[in-house]
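Summary of structural features
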Amino acid sequence: MRVLCLLTLCCLASVASGAELRDLRLWESPEGTRVVFELDRVPGHKVFTLDNPARIVIDLPATRGLQTAHAAQGKGDVRSVRAAEREDGSLRVVLDMARNVEPRVFLLDPAEQYGHRLVLDMPIPEGAQAVPEAAVHAGPPVVAEAWQPRPIVVAIDAGHGGEDPGAIGKSGLQEKNVALDLAQRLARLVNAEPGFRAVLTRDGDYYLGLRERVTRARKAQADLFVSVHANALKNRSMRGSAVYVVSPRGASSEHARWLARRENAADLVGGIALENKDDELAAVLIDLSQSSTMEASFDVGGRMLQALGKVNQLQRTQVQQAAFVVLKAPDIPSVLVETAFITNPTEEKLLRDPAGKQRLAQSMFLGIKGYFESYRPRESGRTVAGAAPRLQKVRTE
Ligand SMILES: [Zn+2]
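Residues numbered from 1 in each chain as written. Predicted model: local features only at pLDDT ≥ 70, side-chain atom pairs only at ≥ 80, totals over all residues. Heavy atoms only, no water.

**Looking at the overall build of the chain**
As a reminder, the rule being used: Helix numbering and strand numbering both begin at the N terminus, where a helix is a DSSP run of H or I of at least 4 residues and a strand a DSSP run of E of at least 2. The rule is simple: take the accessible area with a 1.4 Å probe, protein chains only, and divide by the maximum for that residue type; under 20% is buried, over 50% is exposed, in between is partly exposed. What makes two residues a contact is simply this: any of their non-hydrogen atoms within 4.5 Å. For every accessible area listed, the method is Shrake-Rupley and the probe measures 1.4 Å; residues are considered covered only by the protein chains on display.
Along the backbone of the chain there are 10 helices and 18 strands. Taking all 397 residues of the chain together, the buried fraction comes to 53%. Long-range contacts, defined as pairs at least 24 residues apart, comprise 76% of the intrachain contacts of the chain with a sequence gap of at least 6. Summing over all exposed atoms, the chain offers an accessible surface of approximately 17900 Å²; the carbon and sulfur share of this is 51%.

**As for the nonpolar core**
Buried together is how nonpolar side chains tend to be arranged in soluble globular proteins. Inclusion rule: Throughout this description, the term nonpolar core refers to a set of buried Ala, Val, Leu, Ile, Met, Phe, Trp, Tyr and Cys residues connected via side-chain atoms within 4.5 Å.
Counting 71 residues, the largest nonpolar core has Val154, Ile156, Leu186, Val226, Met304, Leu351 and Ile368 as its most contacted members. With 9 residues, helix H3 (residues 175-191) is the largest single contributor of residues to this core. Excluding its chain neighbours within four sequence positions, the residues that come into contact with Met304 are Val226, Val243, Val335, Val337, Ser363, Met364, Gly367 and Ile368. Counting 25 residues, the second largest nonpolar core, distinct from the first, contains Ala72, Ala83, Val93 and Val101.

**Section: the side chain of Asp121**
How we decide: In the analysis that follows, any N or O atom pair within 3.5 Å is treated as a polar contact, provided that within protein one partner can donate a hydrogen and the other can accept it, and provided that, for residues neighboring in sequence, both atoms belong to side chains.
By secondary structure assignment, the location of Asp121 is in strand E10 (residues 116-123). Looking at Asp121, its side chain comes within polar contact range of the side chain of Arg34, at 2.7 Å.

**Considerations on the packing of aromatic side chains**
Each aromatic ring pair is summarised here by two numbers: the centre-to-centre distance and the angle between the ring planes. Put simply, the test is: In this scheme Phe, Tyr and Trp rings, the latter by its six-membered ring, pair at centre separations within 6.5 Å, and the angle between planes marks the pair as stacked below 30 degrees, edge-to-face above 60, and tilted otherwise.
If you walk through the whole model with that rule in mind, you get 3 aromatic pairs. Note on Tyr371 and Phe372: the rings are 4.7 Å apart at their centroids and 65° apart in plane angle, and the pair reads as edge-to-face. Both residues of the pair, Tyr371 and Phe372, belong to the buried class. Counting every residue linked through ring pairs, the aromatic cluster contains Phe196, Tyr371 and Phe372.

**Section: the sheet that holds strand E12 (residues 152-158)**
The following threshold applies: Between any two strands, pairing holds if DSSP finds at least two bridges. The convention used is that axes are lines fitted to C-alpha atoms, helices contributing only their stretch in contact, and that angles between N-to-C directions extend from 0 to 180 degrees.
With respect to topology, 6 strands assemble into an open sheet ordered E13-E12-E14-E17-E15-E16, the strand pairing being mixed. Each edge of the sheet is formed by a strand with only one pairing partner; in this case those strands are strand E13 (196-200) and strand E16 (320-322). With strand direction ignored, the average angle separating the axes of adjacent strands in the sheet is 30°. The strands touched by helix H10 (residues 354-374) within the sheet are E12, E13, strand E14 (224-231) and strand E17 (334-341), with E14 carrying the most contacts at an inclination of about 155°.

**A closer look at the pairing of E13**
Which entries qualify depends on this criterion: We call a crossover right-handed when, viewed with both strands directed away from the observer, the connection leading from the first strand over the helix to the second proceeds clockwise.
Burial analysis of E13 places 4 of its 5 residues in the buried class, the great majority of the element. As a crossover connection, the stretch from E12 through H3 into E13 is right-handed.

**Overview of the packing of H3 against H10**
For clarity, the threshold we go by: Angles are sorted into four bins: roughly parallel if under 35 degrees, roughly antiparallel if over 145, roughly perpendicular if 65 to 115, and oblique for all others. In this scheme, a crossing is called left-handed if the near helix is turned counterclockwise away from the far one by less than a right angle; it is called right-handed if the turn is clockwise. Side-chain classes are defined by residue name, with Ala, Val, Leu, Ile, Met, Phe, Trp, Tyr, Cys and Pro counting as nonpolar, Asp, Glu, Lys and Arg as charged, and the others, Gly among them, as polar.
Two elements in contact, H3 and H10, have axes separated by 9 Å at closest approach and are oriented at 50°. Between H3 and H10, the crossing angle belongs to the class labelled oblique. The crossing of H3 and H10 is right-handed. Within the contact between the two elements, H3 uses Asp181, Leu182, Arg185, Leu186, Leu189 and Val190 and H10 uses Pro354, Lys357, Gln358, Leu360, Ala361, Gln362, Met364, Phe365 and Ile368. Residue classes in the contact of H3 with H10 are distributed as 10 nonpolar, 2 polar and 3 charged.

**A short note on the pairing of E14**
Here E14 lies mainly inside the structure; 8 of its 8 residues are buried. Burial of E14 is two-sided: the residues Leu224, Val226, Val228 and Ala230 facing one way and the residues Phe225, Ser227, His229 and Asn231 facing the other way are all buried. Sheet topology note: the E14/E17 ladder contains 6 bridges and is parallel. Directly across from Asn231, in E17, lies its bridge partner Phe341.

**What to know about unusual backbone geometry**
Both trends apply: most residues other than glycine have a negative phi, and most peptide bonds are in trans. The omega torsion across Asn52 and Pro53 is -10°, close enough to zero to call that bond cis. If you trace the backbone, Pro53 turns up in the loop between strand E4 (45-50) and strand E5 (55-60). Of note, Asn52 is situated in the loop between E4 and E5. On the accessibility criterion, Asn52 (70% relative accessible area) is exposed. Positive phi outside glycine occurs at Glu112, with the angle close to 45°.

**Some thoughts on the side chain of Thr343**
Along the chain, Thr343 turns up in the loop between E17 and helix H9 (345-352). A polar side-chain atom of Thr343 sits 3.0 Å from the main-chain amide nitrogen of Leu233. In this structure, Thr343 is in contact with Ile168, Asn231, Ala232, Leu233 and Arg236, ignoring residues within four places of it in sequence.

**Quick word on helix H5 (residues 254-264)**
Selection rule: Directions pointing from the helix axis toward each C-beta atom define the arc.
Those residues of H5 that sit buried are His255, Ala256, Leu259, Ala260, Arg262 and Glu263. Buried positions in H5, seen along its axis, are confined to an arc of 160° and lie on one side of it. Every exposed residue of H5 that faces more than 90 degrees away from the buried side is listed here: Glu254 and Arg261.

**Topic: the pattern of salt bridges**
It is possible for side chains of opposite charge to pair when their charged atoms get near one another. The criterion, for reference: Salt bridges are defined by distance alone: a side-chain nitrogen of Lys or Arg within 4 Å of a carboxyl oxygen of Asp or Glu.
One pass over the structure, following the stated rule, counts 27 salt bridges. The salt bridge involving Lys369 is made with Glu193; its shortest N-O contact spans 3.8 Å. Here Lys369 is found in helix H10, whereas its partner Glu193 is found in the loop between H3 and E13, with 176 residues between them in sequence. What makes Lys369 partly exposed here is its relative accessible area of 25%. The class for Glu193 is partly exposed, based on a relative accessible area of 21%. A salt bridge links Arg218 to Asp331, with the shortest nitrogen-to-oxygen separation between them at 2.8 Å. Placement of Arg218 in helix H4 (residues 210-219) and of Asp331 in the loop between E16 and E17 is noted, with a sequence separation of 113 residues between them. Linked by salt bridges that have partners in common, Arg22, Asp23, Arg25, Glu38, Arg117 and Glu163 make up one network.

Next comes the structure, spelled out in structure tokens:
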């Protein structure tokens, strides 16, 4: 047994009064495994790794919660979770790992329903059998290169995920699950359309930082970015679909401003890894002056509203504007769809019903299709309808 590394980030304040482990959650994503300790106060903690076999040990001084720790199940690179109360009153949690990995450790402040959180991110080591890029659907086996029509790429972003459930309906329906279901339905419709390809920013129950979502869309050279959500308000009578585009200036209404604040808080709730912020993207996010992108976003948003109005009430008949972080790619037309109010009993039913969800996905798809039939994807001289597709170099058999 050899101690590989010792990270001591101890906060003595909590030792005196004692803390309680409220929950221990594990999440698996294409990037790696995340372990979240939720406590009622700022946790003092010590984290170190051991090898042969690979383990990560987390000591929480003066902390109760053995049962909570015992209830946690292994996931991703964490094969199993063990816990014990030690004589000094600390709680020791041992993660049995599938391989040696250096965890990134950080704290998150209380947000929404959560208390203080200690987060361990265990990225899949570079070159290791990485899970295939979540959403980019692989083509046929590759052998040679040839020029082929480049499809229109639609990036579909299921809001929230993992640590961040998003809004929660009265019956317990969670926005993150509805958003993923709707996004997957929309992706199937897009992929069934010749000349189109869908790319999902996430295709499982894990959190992705807001900027990481944009990065993925840009990597996939998306021609359009659609973020799928379900709205929420304390007032349960509020209902209706709404579509938003980014606003470089002010929000178009008090509600839009409130909503953008709520959606932008996802990173605080979901827990982004600090390493996710890269300067290149930050620079890209600053320039919001592209008026053609804005015009395109309004166009596709308007078309979606028209179609959504046939399957659900509209909260607003016009495309709304607010400063959503996830819509800030200046080169990709981007819309955020609040498909329905998860807090409204009638609309929660719609969001639970497979046929209802399919109709909502259809509406979004009609908006997308209509837009590409009349707008020219960038770097193309032609519309989709007007034949002569863009070419890209792809590798085929
Ligand atoms: Zn949302």
